[in-house]
Amino acid sequence: VRERCQIAPSYAKKIVEVYRQLSIERSASRLFEQKNSFATLRDLFRWALREAVGYEELAANGYMLLAERCRNPQEKVVIKKILEKVMKVQLDMNQYYEALENKDLENEHSVVWTGALRRLAVLVSTCLKNNEPILLVGETGCGKTTICQILSSYMNKELIMLNAHQNTETGDILGAQRPVRNRSELQGKLSTLLEEILQTSNDDLDQLLKLYDESDNSNIIPEKIAEVKRLRDKLGILFEWNDGPLIHALKTANFFLLDEISLAD
């Protein structure tokens, strides 16, 4: 942990000690039986990569990463006690969330900022700040999608959404080969370009191409020759790649939200 995340040895020891104490608690009781409720080494690396000044912030980061995903309240209490014992601090997470929440964010959007929504805003924004992927789990209408919309608006990012369903396939997310649909538009562009190059007017694309092939192209701007070649090549293609919403989000550096993921196969 220390070598990979480049953190102070004292911080690394505390993180590993929390993991050891949780392992002892797991062996001694029936807590953390769910597959996703117990800490993994990946969680320790993620915890260590989050910037922390002092043991209190280190403990708060640990609580947000390890306890906030537990669905059993008793497990949250155990994690909190272990963090307080190892770090020798007192954690008041409600006060921590209220202190961290950006007042500009609250004033900008016409939503009622309940304690749960404020907590969710801090958890999601902290993940975004650390470039971590986020899985939001909860009942319908508890504000999962709303908080994503609020934060993307506040950060001036487009939120690209895809609603999953039982027939969702990989191609719907990443993209796929699809038939070329705008063939007439391509033909129109090529005709206009050829008319401009040949300084003639002709509606017949084949005739224009014949004139172009037979003409002396040495005086034509190279960029226009390249554009003619590109459009001719595209006209000969029956299928082309279309980016899916995830690829589009990656290329434009925007946020991607896969909604209703539990409905997908």
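Note that the structure is predicted; figures quoted are calculated from it, not measured.

What counts and what doesn't
- Residues numbered from 1 in each chain as written.
- Predicted model: local features only at pLDDT ≥ 70, side-chain atom pairs only at ≥ 80, totals over all residues.
- Heavy atoms only, no water.
- Helix = DSSP H or I, 4+ residues; strand = E, 2+ residues; numbered from the N terminus.
- Contact = heavy atoms within 4.5 Å.
- Areas by Shrake-Rupley, 256 points an atom, 1.4 Å probe, with all protein chains shown as cover.
- Lys, Arg positive; Asp, Glu negative; His and termini not counted.
- Charge placed at Lys NZ, Arg CZ, Asp CG, Glu CD.
- Salt bridge = Lys/Arg side-chain N within 4 Å of Asp/Glu carboxyl O.
- Buried < 20%, exposed > 50% of the residue type's maximum accessible area, 1.4 Å probe, protein only.
- Pairing = 2+ DSSP bridges.
- Arc of directions from axis to C-beta.
- Polar contact = N/O pair within 3.5 Å; in protein donor to acceptor, adjacent residues only side chain to side chain.
- Patch = residues over 30% accessible without salt bridge, like charges linked within 9 Å, V, L, I, M, F, W, Y side chains within 5 Å.
- Axes fitted to C-alpha atoms, helices over the stretch in contact; angles between N-to-C directions.
- Parallel < 35°, antiparallel > 145°, perpendicular 65-115°, else oblique.
- Left-handed = near helix turned anticlockwise from the far one by under 90°.
- Nonpolar A, V, L, I, M, F, W, Y, C, P; charged D, E, K, R; others polar.

A. Representation of the overall build of the chain in the model. Counting secondary structure elements, the chain contains 14 helices and four strands. Its C-alpha atoms give the chain principal-axis dimensions of about 85 × 40 × 40 Å. Look at the contacts in the chain between residues 6 or more apart in sequence, and 65% of them connect residues 24 or more apart. When the accessible surface of the chain is totalled, it reaches about 16900 Å², and 50% of it is carbon and sulfur. Once the 35 positive and 39 negative side-chain charges of the chain are each reduced to a mean point, those two points are 10 Å apart.

B. Expanded view of the pattern of salt bridges. Following the criterion strictly, the structure yields nine salt bridges and no others. Note that E17 is salt-bridged to R20, the shortest N-O span being 3.1 Å. Of the two residues, E17 and R20 are both situated in helix 2 (residues 9-28); the distance of three residues between them amounts to about one turn of the helix. Residue class for R20 comes out partly exposed when judged on its relative accessible area of 44%. Here K76 and E68 are joined by a salt bridge, their closest N and O atoms 3.4 Å apart.

C. Broad picture of the pairing of strand 4 (residues 255-259). A one-sided burial pattern is seen for strand 4, the buried positions being F255, L257 and D259 and the unburied ones F256 and L258. Pairing geometry for strand 1 (residues 159-163) and strand 4, over five bridges, is parallel. In the sheet register, L159 faces strand 4, and the bridge partner there is F255.

D. Spatial organisation of unusual backbone geometry. The residue K88 is not glycine, and still its phi comes out positive at about 55°. Mapped onto the secondary structure, K88 falls in the loop between helix 5 (73-87) and helix 6 (93-100). A positive phi angle, near 55°, is found at N131, a position not held by glycine. The class of N131 is exposed, set by a relative accessible area of 71%.

E. Main features of the environment of L120. In this structure, L120 sits in helix 8 (residues 115-129). Sequence separation between L120 and C148 is 28 residues; the distance between their C-alpha atoms is 9.8 Å. Those residues within four positions of L120 in sequence are excluded, and the remaining contacts are L136, G143, K144 and I147.

F. Structural context of helix 3 (residues 41-49). Looking only at helix 3, the buried set comprises D43, L44, W47 and A48. Burial along helix 3 is one-sided: seen end-on, the buried residues are contained in an arc of 135°. When the buried face of helix 3 is taken as reference, the exposed residues oriented beyond 90 degrees from it are R42 and L49. Residues of helix 3 that are buried make contact with helix 1 (2-5), helix 2, helix 4 (55-67) and helix 5.

G. Fine view of the side chain of T168. Its location among the elements puts T168 in the loop between strand 1 and helix 10 (170-174). A distance of 2.7 Å separates a polar side-chain atom of T168 from the backbone nitrogen of H165. Residue contacts for T168: discarding those within four places in its chain leaves N163 and I173.

H. Quick peek at a nonpolar patch on the surface. A grouping of L135, V137 and I261 is seen on the molecular surface, where their side chains present a nonpolar patch of about 310 Å² in accessible area. Residue classification places I261 among the partly exposed positions, given a relative accessible area of 47%.

I. Expanded view of the packing of helix 11 (residues 183-198) against helix 13 (residues 222-235). Closest axis-to-axis distance for the helix 11/helix 13 pair is 10 Å, and the angle between their directions is 150°. Classified by the interaxial angle, the pair formed by helix 11 and helix 13 is roughly antiparallel. Note on packing geometry: the crossing formed by helix 11 with helix 13 is left-handed. Seen from helix 11, the contacting residues are R183, L186, Q187, K189, L190, L193, L194, E196 and I197; seen from helix 13, they are K224, E227, V228, L231, R232, K234 and L235. Class assignment of the residues belonging to the contact of helix 11 with helix 13 gives a composition of eight nonpolar, one polar and seven charged.

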